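# Structural description and commentary
Here's the letter readout for the chains.
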Amino acid sequence: LALIQVAEALFILRAFALMCSQEGVASKHFKWPAKALGLLHKDIRTLILGVLPLGFIAIVTVNTDFPGQEVGLARLVFILMMFSLTWFLYRTLNPSSGAMVALWAQQGQKSVSGIRFAWMTLTIMVPLIAAATAIAGYLYTAGALVENLVHTMWLALALIIIHQFILRWLLVIRGRLMLREMRKKREANRKSGADERSQAPLEDQALNINALSEDSLSLLNLTTTVAAVFGIWMIWSDIVPAFGVFEQVTLYHHSVEVAGETSLKSITLADIGQTLLILVIMILLVQRLPAFLEILLRQGKNISSGSLYAIKSLTSYALIGIGVA
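My aim in this report is to walk through the structure given alongside it, one point at a time. (Residues numbered from 1 in each chain as written. Predicted model: local features only at pLDDT ≥ 70, side-chain atom pairs only at ≥ 80, totals over all residues. Heavy atoms only, no water.)

With that settled, the discussion passes to the environment of W233. With respect to the helices, strands and loops of the structure, W233 is situated in helix 10 (residues 196-236). Since its relative accessible area comes to 43%, W233 is described here as partly exposed. Considering only alpha carbons, one finds W233 and T152, 81 residues apart in sequence, at a separation of 9.9 Å. (Helix = DSSP H or I, 4+ residues; strand = E, 2+ residues; numbered from the N terminus. Buried < 20%, exposed > 50% of the residue type's maximum accessible area, 1.4 Å probe, protein only.)

As structure tokens, this is what we get:
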């Protein structure tokens, strides 16, 4: 069991470390800054050498029948592992010198970088709380906390990689569209003798393509954020039952008829929160998704402006209908 769990973690970390190498995908395709890649590669190596061996020993001691394991070797190794994990998270998310600072700055995510200190504090508190829990004697509870933290780290890595691959794909599409418009402009200029009046619509079209790219980027960031929130909720919902209190706050009741019988159904504060969340997501999708579809459809050479407008309008109406329903 210990070998399997450590091998899975080693595989994921080594794969990400290779992506962050000088000739890796992050450098050649994602265009991550060299400073961030160097820090990430070094921090991941430190994590592999400092945390995984301790994790192996902790798993072995917890799952064996050594006498006094809960107050001896297992607890000591677990605490050392938590301090090593805290140091890794601090080095990676440090708001002044961490690896993620340069990456956030390049991506232009001001909203994320503006609260990076809060993100770092919230993240490093989990292993520290787990260490304190282990010191208090609740080793299995501490282990559950760490397991959820590890799953959250894997989720973050997966979302980052998927986000960057989709972003790269969008950039390639935008490059193709701009190249096509430049060819059209050159052909139009050649036929009309570079008349000034014939150049303006083509320039406006190129600007529209750039605007569509910004809308697609906003949609991508929104989708990634929603996936992250949903994933984190699924990971931590069993350990954070306090949010269930919203289900206990009843606002009003209404009659529901099921199989010929009338009963009262309560509308809770959680229902209102879910409704508001659906409406916000619907509004954002209505604003961003049609532009993303236009980028995809513009790759077809024979599609007309009228067809584009019809598809965008029908998509917006469908999103509004689904969201309201």
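With that settled, the discussion passes to unusual backbone geometry. Glycine aside, a negative phi is what most residues show, and trans is what most peptide bonds show. For K31, which is not glycine, the phi torsion reads 60° and is therefore positive. The topology assignment puts K31 in the loop between helix 2 (25-28) and helix 3 (34-50). Looking at K31, the relative accessible area reads 48%, which means it is partly exposed.

Here we come to the side chain of T315. Looking at where T315 falls in the secondary structure, it is placed in helix 12 (residues 305-324). With sequence-adjacent residues up to four places away left out, T315 is seen in contact with L289 and L293. (Contact = heavy atoms within 4.5 Å.)

Counting residues in hydrophobic clusters, the biggest one holds 46 residues, and the most contacted among them are W32, L47, F78, M82, L85 and A130. Elements with a minimum of two residues in this core: helix 1 (2-19), helix 3, helix 4 (52-62), helix 5 (73-93), helix 6 (99-107), helix 8 (116-135), helix 9 (139-192) and helix 10. Per-element accounting of this core gives the leading share, ten residues, to helix 5. L167, L170, L220 and F292 belong to the second-largest nonpolar core, a separate cluster that totals five residues. (Core = buried A, V, L, I, M, F, W, Y, C linked by side-chain atoms within 4.5 Å.)

The full count for this structure, using the stated rule, is two salt bridges. The salt bridge partner of E23 is K28, with a shortest N-O separation of 3.3 Å. Judged by its relative accessible area of 62%, E23 falls in the exposed class. What makes K28 partly exposed here is its relative accessible area of 42%. Measuring nitrogen to oxygen at the nearest pair gives 2.9 Å for the salt bridge that ties D43 to R91. Within this pair, whereas D43 is found in helix 3, its partner R91 is found in helix 5, the two being separated by 48 residues in sequence. (Salt bridge = Lys/Arg side-chain N within 4 Å of Asp/Glu carboxyl O.)

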